[in-house]
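Each chain is listed here by its residues.
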Amino acid sequence: MISKSDYLVIGSGIAGLSFARKVAPYGTVNVLAKKTACDTNTNLAQGGIAAVMGTDDTLEEHVSDTLASGAGLSHEDVVRVVVNAGPKMIEELLELGVPFTAQVDHPDLPELGREGGHSHRRIIHAKDMTGQALQKVLAEDCLKNQNIRIHELHLALDLLTVKDKDDSLRVVGAWVLDREGGVVKTFLAKTVILATGGSGRVYLYTTNPDGATGDGLAIGWRAGARAANLEFVQFHPTCLYHPKLKNFLISEAVRGEGGRLVTREGELVMRDHPQGDLACRDVVALAIDREMKRSGAPCVFLDVTHKPSAFVRERFPKIYQTCRLLGLDIAKEPIPVVPAAHYQCGGLLVDAWSRTGVKGLYAIGEVSATGLHGANRLASNSLLEALVMADRGAQAAREEAARTEFPPEVEPPGWPAARLGRTPPEAVLIAHSWDEIRRFMWNYVGLVRSDQRLGMAAKRLAMVKNEIDEFFRNFEVDYDLVEVRNIAVVADLIIRSAASRRESRGLHYSLSWPERDDPNFKKDTVLFNSEPSLLPSA
Ligand code: SIN
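Residues numbered from 1 in each chain as written. Predicted model: local features only at pLDDT ≥ 70, side-chain atom pairs only at ≥ 80, totals over all residues. Heavy atoms only, no water.

Engineer: Can you tell me about the overall build of the protein, naming the residues and giving the values?
Structural biologist: When its secondary structure is counted, the protein shows 15 helices and 18 strands. Taken against the 2.2 N^0.38 rule, which gives 24 Å for 538 residues, the C-alpha radius of gyration of the protein at 22 Å falls within 12% of a compact globule. Principal-axis analysis of the C-alpha atoms places the extent of the protein at approximately 65 × 50 × 50 Å. Across the 538 residues of the protein, 61% fall into the buried class. In the protein, once contacts between residues fewer than 6 apart in sequence are set aside, the share between residues at least 24 apart is 75%. When the accessible area of the protein is evaluated, it comes to approximately 21100 Å², of which 51% is carbon and sulfur surface. Seen as two clouds, the 63 positive and the 69 negative side-chain charges of the protein have centres 2 Å apart. (Helix = DSSP H or I, 4+ residues; strand = E, 2+ residues; numbered from the N terminus. Rg over C-alpha atoms; globule rule 2.2 N^0.38 Å. Buried < 20%, exposed > 50% of the residue type's maximum accessible area, 1.4 Å probe, protein only. Contact = heavy atoms within 4.5 Å. Areas by Shrake-Rupley, 256 points an atom, 1.4 Å probe, with all protein chains shown as cover. Lys, Arg positive; Asp, Glu negative; His and termini not counted. Charge placed at Lys NZ, Arg CZ, Asp CG, Glu CD.)

And the structure:
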């Protein structure tokens, strides 16, 4: 079955849906959601969107905070583009009806929250459920648009690439597994937009949902797009530590409103840092890791019990209710927390118009590396980046689509008949590969790295990756197998990037190279795929 549209958007979070609604007046859009339209990483975002809306704040200060957090690797031109567009993006969302929390005294103005690394209150939020509010409004807007069709339970397997007239590669669509129908479909388009989010599931502990398996990064890489700065994995300092709920985030906004990190003895964890609990995330997460290693405790605590109980319940309803269901009253007891993988600061390298360099292929949001985040993303800059780059990507894709012929119907080489109906004798082996990768990535490529640890991870990955590839070649395509195949690519790119950065900077901390080395490493880590697959890698 072949489905055609002007734009094919892979991913239905803030990046994908914002892009879709901006190009819809100019052509037809197919949006693929691997689960349901709203089951995305965006939907879980608690904190908010960083943008200069306060009268005492300036764009220059937002730029300067972003550059400071990026530890020398943020691209100032991109930072300025994104930060300057912030207020306009918020206005658009207000017009669309996103219910941001308003100021008590000025109900027509959004309330501004505070998070680590920001010199001012500048986080526009919908209590502690910002992502959910955004996702709902964007999805509703797209669903009523005649030109947009959202395909749920559609998982992209690989991009379709052909040689263009000048012999360069052009992406013309994707091979897609329809999970309900159990068939592999072909989607053709003039431009393809990867908006698949991040890859937190490559680690054992993460704040990300199940679907965050780096699919866009892996399929873009296989199709020849370059990858940048993947060693910079952001570990959020405060993931709930609870046996019954393993990936629940406790928003940085809790510290923004006065929450303090304490040891089990009640000592302040961040007592030695001038910015205290509101230092940048790399600093806070490492401090917690050191404290846990020193004391042997399995977690530290986030204490907000000194704030009025009504304030805690009103400002953080989602966190309050979720913890309450687990028997924890956060207004009365400190919250046990640990760092966990949260955000992929690197990704597919794109220019300031979201173009990957492969014709017809764009990447927006967490899957991309624009140069904004550098070595450490500033809190709440990611939703802002997704909005701005979706807007710019839409302008560029519209121009490209207008001058592009509709792709010839690519005759994909057909899913090998021999594989159809061939289920692996022991599907549990796929689950074992998953567990193995996530565990060694956590142990050897986590917050603290060393040459030895990275070498151990690389050896283990080579073995598991071979086994996964063999499964993929020999058996029927299956959801778990597709995800683990992508996770293995992501792990490989992270390990290789980390091994090549022989210094410590931002989120990359190596015991073998503990100092920052500007003369040699004040530059992006860029990996090239010298063997892109011309047709889907069957
Ligand atoms: C948070 O609410 O702490 C997460 C915000 C972000 O990751 O930017």
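Engineer: Tell me what's going on with the pairing of strand β7 (residues 154-163), and back it up with residues and numbers.
Structural biologist: Buried residues dominate β7, accounting for eight of its 10 residues. Pairing between β7 and strand β8 (residues 169-178): nine bridges, direction antiparallel. If you follow K163 over to β8, its bridge partner there is L169. Here β7 folds back onto β8, and the loop between the two strands holds five residues, one of which, D167, carries a positive phi near 80°. (Pairing = 2+ DSSP bridges.)

Engineer: Provide a residue-level description of helix α10 (residues 317-325), including the pertinent values.
Structural biologist: Of the positions making up α10, those classed as buried are P317, I319, Y320, T322 and C323. Of the surrounding elements, those touching the buried residues of α10 are β11 (233-240), α7 (253-256) and α9 (309-315). At the C-terminal side of α10, G327 shows a positive phi close to 90°.

Engineer: Lay out the sheet that holds strand β5 (residues 123-124) in plain terms, naming residues and giving numbers.
Structural biologist: Within the open sheet, the three strands sit side by side as β3-β5-β4. Their pairing is antiparallel. The open sheet has two edge strands, β3 (49-50) and β4 (112-113), and neither has a second partner. Direction of pairing for β3 relative to β5: antiparallel, over a ladder of two bridges. Each bridged residue has a counterpart across the sheet, and for I49 the counterpart in β5 is I124.

Engineer: Give me the side chain of Q46: which residues, what numbers.
Structural biologist: Topologically, Q46 is positioned in the loop between α2 (41-44) and β3. For Q46, the side chain forms a polar contact with the main-chain oxygen of L249, separated by 2.8 Å. (Polar contact = N/O pair within 3.5 Å; in protein donor to acceptor, adjacent residues only side chain to side chain.)

Engineer: Run through the site of the ligand, naming residues and quoting values.
Structural biologist: Near the ligand you find Q46, G47, H236, L249, S251, E252, R281, H342, R377, A379 and S380, and these make up its full shell. Within the side chain of R377, an N or O atom sits 2.7 Å from an oxygen atom of the ligand. In isolation the ligand has 260 Å² of accessible area, and contact with the protein removes 93% of it. For the shell around the ligand, the class distribution of residues is two nonpolar, six polar and three charged. (Near = heavy atom within 4 Å. Nonpolar A, V, L, I, M, F, W, Y, C, P; charged D, E, K, R; others polar.)

Engineer: Go over the environment of H118, please, and point to the residues and values.
Structural biologist: Examined against the element boundaries, H118 turns out to sit in the loop between β4 and β5. Spatially, the C-alpha atoms of H118 and L378 are 7.8 Å apart, while their sequence positions differ by 260 residues. With residues near it in sequence (within four places) discarded, H118 still touches A50, H62, D65, I123, L378 and A379. Engagement of the side chain of H118 in a polar contact is seen with the backbone oxygen of A379, the distance being 2.7 Å.

Engineer: Before we move on, could you go through the packing of helix α1 (residues 14-23) against helix α11 (residues 381-402) and cite the residues and values that matter?
Structural biologist: Interaxial distance between α1 and α11 falls to 8 Å at its minimum, and their mutual angle equals 35°. For the element pair α1 and α11, the recorded crossing hand is right-handed. Across the interface between the two elements, I14, A15, S18, F19, K22 and V23 from α1 touch L383, A386, L387, A390, D391, G393, A394, A397 and R398 from α11. For the contact of α1 with α11, the residue count by class is 10 nonpolar, two polar and three charged. (Axes fitted to C-alpha atoms, helices over the stretch in contact; angles between N-to-C directions. Left-handed = near helix turned anticlockwise from the far one by under 90°.)

Engineer: I'd like a description of the pattern of salt bridges, backed by residues and values.
Structural biologist: Counted according to the given criterion, the structure contains 37 salt bridges. The shortest N-O distance in the salt bridge between D57 and R122 comes to 2.8 Å. With D57 in the loop between β3 and α3 (59-69) and R122 in the loop between β4 and β5, this pair connects stretches of sequence that are 65 residues apart. As far as the burial class goes, D57 and R122 line up, both buried. Ionic pairing is found between K185 and D178, a salt bridge with its closest N-O pair at 3.0 Å. According to the relative accessible area criterion, K185 is buried, its value standing at 10%. A cluster of three or more residues bridged by salt bridges with shared partners is formed by E231, R501, E503, R505, R516 and D518. (Salt bridge = Lys/Arg side-chain N within 4 Å of Asp/Glu carboxyl O.)

Engineer: Outline the sheet that holds strand β17 (residues 368-369), supporting the account with residue identities and numerical values.
Structural biologist: The strand order across the open sheet built from four strands is β17-β15-β10-β18, with neighbouring strands paired in mixed fashion. Edge positions in the sheet fall to β17 and β18 (526-527), since each has one partner strand and no second. Strand direction decides the pairing type here: strand β10 (residues 227-228) and β18, joined by two bridges, are antiparallel. Residue A227 lies in a different strand from β18, and its bridge partner there is L527. Packing against the sheet, helix α6 (residues 215-222) makes contact with β10, β15 (347-349) and β18, and its axis sits at approximately 40° to β15.

Engineer: Give a detailed account of α11, specifying residues and quantitative values.
Structural biologist: An ideal rise of 1.5 Å per residue puts 32 Å on 22 residues; α11 measures up with 31 Å between its terminal C-alpha atoms. Burial analysis of α11 places 18 of its 22 residues in the buried class, which makes it a mostly covered element. (Expected span 1.5 Å × (residues − 1).)

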